[in-house]
Amino acid sequence: ARDENQELLFARVIVILQTKTKRLQKSPYGKEERLQKLKDYLSKHGSIDVQSYANMIKMTYSSAYRELEKFAADPDSGISAMGRKHYKVYVLKKE
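Comments concerning the overall build of the protein chain
Counting its secondary structure elements, the protein chain contains four helices and two strands. Its helices and strands in sequence order give the protein chain the pattern α-α-α-α-β-β, from N to C terminus. The burial tally for the protein chain puts 21% of its 95 residues in the buried class. For the protein chain, contacts bridging at least 24 residues in sequence account for 40% of all contacts bridging at least 6. With an accessible surface of roughly 7700 Å², the protein chain has 53% of that area assigned to carbon and sulfur atoms.

Looking at the packing of helix H3 (residues 50-57) against helix H4 (residues 61-73)
Relative to each other, H3 and H4 sit at 105°, their axes nearing to 9 Å. Considered as vectors, H3 and H4 are oriented roughly perpendicular to each other. On H4, the residues that touch Val50, Gln51, Tyr53, Ala54 and Ile57 of H3 are Tyr61, Ala64, Tyr65, Glu67, Leu68 and Phe71. In terms of residue class, the contact of H3 with H4 is made up of nine nonpolar, one polar and one charged.

What to know about the environment of Met56
Relative to the helices and strands, Met56 is located in helix H3. For the pair Met56 and Tyr41, spaced 15 residues apart in sequence, the C-alpha to C-alpha distance is 9.5 Å.

A closer look at the pairing of strand E1 (residues 79-82)
Along any regular strand, the residues point their side chains to alternate faces of the sheet. Inspection of the sheet shows E1 paired to strand E2 (residues 89-92) by four bridges, in the antiparallel sense. From the neighbouring strand, Ser80 faces E2, where its bridge partner is Val91. In this antiparallel pair of consecutive strands, E1 and E2, the connection spans six residues, and Gly83 shows a positive phi of 95°.

What counts, and at which threshold
- Residues numbered from 1 in each chain as written.
- Predicted model: local features only at pLDDT ≥ 70, side-chain atom pairs only at ≥ 80, totals over all residues.
- Heavy atoms only, no water.
- Helix = DSSP H or I, 4+ residues; strand = E, 2+ residues; numbered from the N terminus.
- Buried < 20%, exposed > 50% of the residue type's maximum accessible area, 1.4 Å probe, protein only.
- Contact = heavy atoms within 4.5 Å.
- Areas by Shrake-Rupley, 256 points an atom, 1.4 Å probe, with all protein chains shown as cover.
- Axes fitted to C-alpha atoms, helices over the stretch in contact; angles between N-to-C directions.
- Parallel < 35°, antiparallel > 145°, perpendicular 65-115°, else oblique.
- Nonpolar A, V, L, I, M, F, W, Y, C, P; charged D, E, K, R; others polar.
- Pairing = 2+ DSSP bridges.

Okay, here's the thing in structure tokens:
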């Protein structure tokens, strides 16, 4: 019985480690490619929220949020933010 418990515990640790490793996976797109994908999306749809961006570029929510905030803070990116907190969306800057 003790060996079975140890095997179950070991199996749980493996699953937890595999799950954590997946969460650390980086986006398959480079920064410039992500910015271009964002601009293309915004030109078609008008705005995007953090969760939609995270799903589109295969990043975690927090990483996507930080990146969108950096894009919005950079005057050369062509991206600006509208709204506050959970109601914030990102749009193309008006020229």
